[in-house]
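Chain by chain, the residues run as shown.
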Amino acid sequence: MGMAAVDGCMGLDVVPLGGTGARVSSLALGTWRFGRERDGVVEIERDRAMALLDAYAEAGGTFIDTADFYGDGRAESWIGEWLADRDRASFVIASKVFWPTREDDPNAHGLGRKHLRRSIDEILDRLGTDYLEVLYVNRWGDHTPVEDDTPLEEYLRTLTGFVEDGRVHYLGTSTMVPEAWKVARANERAQQLGLEPFTVAQPRYNLVNRAVEHGYLNAASTYDLGVCPWSPLAGGFLSGKYRRGEDPPAWSRAAVEPEVAGAYLTDENYETLADVRAVADDLGATPAQVSLAWLRHRDVVTAPVVGARTVDQLQENLGAADLSLSDKQVQRLADA
Ligand SMILES: NC(=O)c1ccc[n+]([C@@H]2O[C@H](COP(=O)([O-])OP(=O)(O)OC[C@H]3O[C@@H](n4cnc5c(N)ncnc54)[C@H](OP(=O)(O)O)[C@@H]3O)[C@@H](O)[C@H]2O)c1
């Protein structure tokens, strides 16, 4: 895992997905903002989405991360259109279920059997494929505005059915609030019942959000999960484009979403960023590259899920694949 490349692939190295038999690029492409509309403006339009997918594939990237609700299904549909002209087998596609997919339908959200069965059909249809390498449970059903109290055994059995019928290769869990005991409970129960365990995890993890280090990553190591951190740049904060006391650049996420500014543009985070900038200056790299490289140096991390709004941002971020940090630099950032 981490920096242990098993193969070379045009710049982006290829690593094992945790303890599974799958191999993935060590930086995944995130598609959360594909087709996402806010105040009538689509953040990443179809043409830009295609350009991002092209740039990622040209760099040797194979690991594409999406979810059923990204852009109300547009993200998956666009990936499907893009994949139609390519060799599907060369890519590893991960999607997610949990959030509501129809309004006013009590069975159209969460982890109940009816929702999961309908969702997997719809996901595969939009992606134009008959299998997914990874299907994540996007939330466990708590700490969210969407209530869901589906019994663990019901969704473990339903998800196991998807693996057995070949539509899904591996099960993943994605978290907002990282609670290690839930992973442990689910995987112990799966083992007792002879069901499929979770083998991939997608927690929020970056230099200024490190809650997973308190137990969750230990659980991930114990169960040999492939860890694919989301928001690896803290929504763009760790790119260094925000300056203390200045308005966020036009069109940046913090300008468009005031809650991002509130959460990330804090004095404490700017202190951490100062160390990131110093390491970046020493290496002739950018703060985004250093922040991503730091995650890649964590043994437990398989592949950060890189978000980018533009091709330039993506190319900068993929440059992290070629960046090595010394042990001292890794430690300095960990202590920041
Ligand atoms: N499982 C989950 O619950 C969950 C939750 C969130 C995300 N995800 C996944 O993780 C992916 C990444 O999440 P994220 O978008 O929050 O990641 P992120 O890397 O923390 O933030 C990405 C944003 O930062 C800015 N940015 C990126 N690279 C930059 C650069 N080099 N220079 C300047 N600005 C840069 C861009 O925003 P602006 O240019 O607009 O400022 C970009 O949209 C998503 O696409 C999705 O696939 C999963």
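Refer to the structure presented above.
Since the model is a prediction, treat every value here as computed from it, not as a measurement.

## Considering the overall build of the protein
(1) Moving on: A tally of regular secondary structure across the protein gives 12 helices and 12 strands.
(2) Moving on: Expected size for 336 residues packed as a compact globule is a radius of gyration near 20 Å; at 19 Å, the protein falls within 12% of this value.
(3) Moving on: Counting only C-alpha atoms and orienting by the principal axes, one finds that the protein spans roughly 50 × 45 × 40 Å.
(4) Moving on: For the protein, the residues scored as buried account for 55% of the 336 residues in total.
(5) Moving on: In the protein, the proportion of contacts linking residues at least 24 apart, taken out of those at least 6 apart, comes to 77%.
(6) Moving on: Taken as a whole, the protein presents about 14200 Å² of accessible surface, with 46% of it coming from carbon and sulfur.

## What about the nonpolar core?
(1) Moving on: Phe63, Leu135, Leu159, Phe198, Leu238, Trp294 and Leu314 are the most contacted members of the largest nonpolar core, which has 107 residues in total.
(2) Moving on: Contact partners of Phe198, with chain neighbours within four places excluded, come to Val137, Trp140, Tyr155, Leu156, Leu159, Leu171, Gly172, Thr173, Ala186, Asn187 and Leu225.

## Description of the packing of helix H1 (residues 46-58) against helix H2 (residues 74-84)
(1) Moving on: Interhelical geometry of H1 versus H2 gives an angle of 55 degrees and a closest axis separation of 10 Å. Put simply, H1 runs oblique to H2. In the packing of H1 onto H2, the handedness of the crossing is right-handed. Taking contact as the criterion, the partners of Arg46, Ala49, Met50, Leu53, Asp54 and Ala57 in H1 are, on H2, Trp78, Ile79, Glu81 and Trp82.

## What to know about the environment of Gly35
(1) Moving on: Within the secondary structure, Gly35 is located in the loop between strand E3 (28-30) and strand E4 (37-38).
(2) Moving on: With a relative accessible area of 0%, Gly35 lands in the buried category.
(3) Moving on: Sequence separation between Gly35 and Ala255 is 220 residues, and the spatial gap between their C-alpha atoms is 19 Å.
(4) Moving on: Contact partners of Gly35, with chain neighbours within four places excluded, come to Val42, Ile44, Gly71, Arg74 and Trp78.

## Quick notes on unusual backbone geometry
(1) Moving on: Notably, Asp72 is not glycine yet its phi reads approximately 50 degrees, a positive angle.
(2) Moving on: A positive phi angle, close to 50 degrees, is found at Ser231, a residue other than glycine.

## A closer look at the site of the ligand
(1) Moving on: Among the 29 residues in the neighbourhood of the ligand, the closest are listed as Asp65, Ser231, Gly235, Lys241 and Arg253.
(2) Moving on: Here an oxygen atom of the ligand sits 2.7 Å away from a polar atom, N or O, in the main chain of Gly235.
(3) Moving on: Gln313 places a polar side-chain atom, nitrogen or oxygen, 2.8 Å from an oxygen atom of the ligand.
(4) Moving on: Contact with the protein chains covers 96% of the free accessible surface of the ligand, which is 910 Å².
(5) Moving on: A total of three residues in the shell around the ligand trace back to one element, the largest contributor, which is helix H11 (residues 311-318).
(6) Moving on: For the shell around the ligand, the per-class residue count stands at nine nonpolar, 13 polar and seven charged.

## As for the sheet that holds strand E12 (residues 305-306)
Either a parallel or an antiparallel arrangement is found when strands of a sheet pair, and the pairing is made through backbone hydrogen bonds.
(1) Moving on: Strand order in the open sheet formed by eight strands is E11-E10-E9-E8-E7-E6-E3-E12, and the pairing between neighbours is parallel. The sheet terminates laterally at strand E11 (226-227) and E12, the two strands that pair on one side only.
(2) Moving on: As paired elements, strand E9 (residues 168-175) and strand E10 (residues 198-203) share five bridges and run parallel to each other. Opposite Ser174, over in E10, you have Gln202 as the bridge partner.

## A few points about the pairing of E9
Side-chain positions along a regular strand alternate between the two faces of the sheet.
(1) Moving on: For E9, a buried count of seven out of eight residues is recorded, marking the element as mostly surrounded by other parts of the structure.
(2) Moving on: Relative to E9, strand E8 (residues 132-137) runs parallel, the two being bridged by five bridges. Bridged to Leu132 within E9 is Val168.
(3) Moving on: Between the parallel pair E8 and E9, the chain is carried across by helix H4 (residues 152-164), and the sense of this crossover is right-handed.

## Points about the packing of aromatic side chains
(1) Moving on: With the rule as written, the count across this model stands at seven aromatic pairs.
(2) Moving on: Geometrically, the ring pair formed by Phe69 and Tyr70 is edge-to-face, given 5.1 Å between the ring centres and 70 degrees between the ring planes.
(3) Moving on: For Phe69, a relative accessible area of 28% puts it in the partly exposed group.
(4) Moving on: Its relative accessible area of 9% is what places Tyr70 among the buried residues.
(5) Moving on: A network of ring pairs unites the aromatic residues Phe69, Tyr70, Phe98 and Trp99 as a single cluster.
(6) Moving on: One Lys or Arg, Arg33, reaches over the ring of Trp32 and ends 4.4 Å from the middle of that ring.
(7) Moving on: Between Arg88 and the ring centre of Tyr131, over which it is positioned, the NZ or CZ distance is 4.0 Å.

## Some words on the environment of Gly30
(1) Moving on: Relative to the helices and strands, Gly30 is located in strand E3.
(2) Moving on: For the pair formed by Gly30 and Glu179, sequence separation is 149 residues and the distance between their alpha carbons is 23 Å.
(3) Moving on: Those residues in contact with Gly30 that sit more than four places away from it in its chain are Asp65, Val305 and Val306.

What counts, and where the lines are drawn
- Residues numbered from 1 in each chain as written.
- Predicted model: local features only at pLDDT ≥ 70, side-chain atom pairs only at ≥ 80, totals over all residues.
- Heavy atoms only, no water.
- Helix = DSSP H or I, 4+ residues; strand = E, 2+ residues; numbered from the N terminus.
- Rg over C-alpha atoms; globule rule 2.2 N^0.38 Å.
- Buried < 20%, exposed > 50% of the residue type's maximum accessible area, 1.4 Å probe, protein only.
- Contact = heavy atoms within 4.5 Å.
- Areas by Shrake-Rupley, 256 points an atom, 1.4 Å probe, with all protein chains shown as cover.
- Core = buried A, V, L, I, M, F, W, Y, C linked by side-chain atoms within 4.5 Å.
- Axes fitted to C-alpha atoms, helices over the stretch in contact; angles between N-to-C directions.
- Parallel < 35°, antiparallel > 145°, perpendicular 65-115°, else oblique.
- Left-handed = near helix turned anticlockwise from the far one by under 90°.
- Near = heavy atom within 4 Å.
- Polar contact = N/O pair within 3.5 Å; in protein donor to acceptor, adjacent residues only side chain to side chain.
- Nonpolar A, V, L, I, M, F, W, Y, C, P; charged D, E, K, R; others polar.
- Pairing = 2+ DSSP bridges.
- Right-handed = clockwise from strand over helix to strand, strands pointing away.
- Phe/Tyr/Trp six-rings, centres within 6.5 Å; stacked < 30°, edge-to-face > 60°.
- Lys NZ or Arg CZ within 6 Å of the ring centre and 35° of its normal.

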